[in-house]
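Summary of the model geometry
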Amino acid sequence: MTFFAFTHSEAVENRQRLRDLERHGLRVDRLAKENLRPGAVAGAGLDWPNYDGRRLTKAYADFKKRNDVDPRKGAQLLHSIGVGVSPRWIKETGDLHDPANPRNVQVFDAAIAWVKSFAGHDAIISARMDLDEEGGGWVDVYFAPIREQKYKRRSQTKPVISVNKCLEETAVSLGYPKGSHYSALNSSWATYAQQHLDPAIERGKPGRDTGKEHLTPRQYKAEQEWKKKAAAAEAAEQTALDQKSFLETATLHVAKEREELKQSHEDAAKTLLEIFTDPHLDNLKPKPPSGRWGAPSSIAAKVNKLGPLMGAILKVLEAISTKMAELRTRLDAIVEREQQLDQAIGELAGVKDRLKAEEAQAVERARALVRPAEDLAPMEDPSPR
C-alpha cells in the first residue's frame, strides 16, 4: 500500500494573522468550533513544548526575547508549515485520534525534528497536532529561522529572523532553484519521512503535474463542506424552479377557471335578471303540501339553466311565491271588504232616498191638513173705521 507525505506553507506577515492562528489553536474561533469532532474535547492533541505554545503571541514574544532577535525590516514575522502523512498509515497501529497511538507520536516528533534539521535547533516557536477534528496525521509547526545579517560598509553582523534566507538555503541544498521553496520543502519532508517513518511513504505529486490543487486536510474539509452546501443550494434552486413552474401552470389554470367562473356568473346574473323580470313572475304559486312545486314554463326553463344555483333560486322563488300568495290573500280580503262597503253604501243611499220620499209625503200630508182650517177662519175687515 502506498502512503503519501505532504506539506503546506504559509508566511505569517503581521500580528493580526498571528492572533488569528493563536485563536484557532486555542479553539475559540468559528472555524475551530465548526470542525470540532462530535464527542471530542476541544484542544485535545499533542503539543510542543506544551499547551502554552498555542498562545502564539506570547510564545513568539518569548522567542524573540530569549534569542534577542527581530525579523528583518519588512520581512515575515515567522513561518507556519503543516506537515502530514496519509491518515491510513496512522490507522494501521490504532485510532487516528488517539494521542497514545505510536504513529501519531512518531509523526509529531518527526515533523519537529525535520523542521529543526533545516531551520535550526532553536528555530521552533511551537508545534501542535490536533486530534479533536475529523482528519488526522497533520502537525502544525511555527518556526522563525535565525540567520546572520551583514550590513553594507560594516564588518559586523547581527542575528535576525530571516525565513526567506532559510528557505532559499534549503531549496538550493536540494538542487532546486531559488524561489522553489515550497516544492523543496515537500521533497525534503517526503525524504525525511521515508528515512525515519516508513519507506513506503512517497512524495505527493505536485499540483503542476496533476493539474489539481493540493489542499491541506482543513482546506479539503472546507472544500467538501462547500461542495455539500453548493449541492444543497443547487437542489434547493431546482426545487424552487420546479415549484415556480408548478405555480405558473397552476396560475394559468386558476386564470382560466376564473374566466370561466366569471362568464358563468355573468350568465347566471343574466338568467337571474330574466327570471326576476319575467312578466309571469306574478303567477308563481306556493308548493302544495304534497306534489311538485310548479312555476310558469318560462321561469322553470330559466331556473333549470342555473345548474348549482337552481336549488337556491328555487328557495328564493318559493319564498316569493309564498309572500305573493299572502299578498294576494290580503288583496282579496281588501277587495271583498271594498265590495261589502260598496254594497253598504248602496243600501244606505237607498235608505236615504226612501227617507227623503217619506219626508216629502209627510210634508204634503201636513199641508193637506192645514189647508181646510185656513179656509173656514173669518177674514178681518180691511177698511178703516
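This text goes with the structure placed above it.
Description of the structure in this document. Keep in mind it's a predicted model, so treat the numbers as computed, not measured.

Brief notes about the nonpolar core
Nonpolar side chains tend toward joint burial in soluble globular proteins. W114, V115, F118, V141, W189 and L197 are the most contacted members of the largest nonpolar core, which has 36 residues in total. Counting only elements with at least two residues in this core, the list comes to β1 (3-12), β3 (78-85), α4 (87-91), α5 (102-119), β4 (124-130), β5 (138-143), α6 (163-173) and α7 (181-196). In terms of residues, this core owes the most to one element, α5, which gives nine residues. If we ignore the near neighbours within four places in the chain, the residues touching L197 are V85, W89, Q106, V107, A110, W189 and Y192. Judged by nonpolar contacts, the second largest core, of 14 residues, contains L18, L56, L77 and A144.

Observations regarding a nonpolar patch on the surface
A cluster of nonpolar side chains, namely L331, I334 and V335, defines an oily patch on the protein surface of about 250 Å² accessible area. Here I334 shows up in helix α11 (residues 310-376). Residue classification places I334 among the partly exposed positions, given a relative accessible area of 46%.

Let's talk about the sheet that holds β4
Strands sit in the order β2-β4-β5-β3-β1-β8 across an open sheet of six strands; the sheet is mixed. On the outer flanks of this sheet lie β2 (45-48) and β8 (201-203), each paired with one strand and no other. On average, each strand axis in the sheet is inclined to that of its neighbour by 20°, with strand direction left out of account. When β4 meets β5, the two strands line up antiparallel, connected through four bridges. Note that in β5 the partner of S126 across the bridge is Y142. Contacts from helix α3 (residues 56-67) reach β3, β4 and β5 within the one sheet, and its direction differs from that of β4 by about 150°.

A short note on helix α1 (residues 15-25)
Those residues of α1 that sit buried are L18, L21, E22, H24 and G25. When α1 is viewed along its axis, its buried side chains cluster within an angular range of 165° and face the same direction. Its side-chain oxygen 3.2 Å from the backbone nitrogen of Q16, N14 forms the N-cap of α1. Positive phi shows up at R27, right after α1, with a value of about 65°.

The rules we used
- Residues numbered from 1 in each chain as written.
- Predicted model: local features only at pLDDT ≥ 70, side-chain atom pairs only at ≥ 80, totals over all residues.
- Heavy atoms only, no water.
- Core = buried A, V, L, I, M, F, W, Y, C linked by side-chain atoms within 4.5 Å.
- Buried < 20%, exposed > 50% of the residue type's maximum accessible area, 1.4 Å probe, protein only.
- Helix = DSSP H or I, 4+ residues; strand = E, 2+ residues; numbered from the N terminus.
- Contact = heavy atoms within 4.5 Å.
- Patch = residues over 30% accessible without salt bridge, like charges linked within 9 Å, V, L, I, M, F, W, Y side chains within 5 Å.
- Areas by Shrake-Rupley, 256 points an atom, 1.4 Å probe, with all protein chains shown as cover.
- Salt bridge = Lys/Arg side-chain N within 4 Å of Asp/Glu carboxyl O.
- Pairing = 2+ DSSP bridges.
- Axes fitted to C-alpha atoms, helices over the stretch in contact; angles between N-to-C directions.
- Arc of directions from axis to C-beta.
- Polar contact = N/O pair within 3.5 Å; in protein donor to acceptor, adjacent residues only side chain to side chain.

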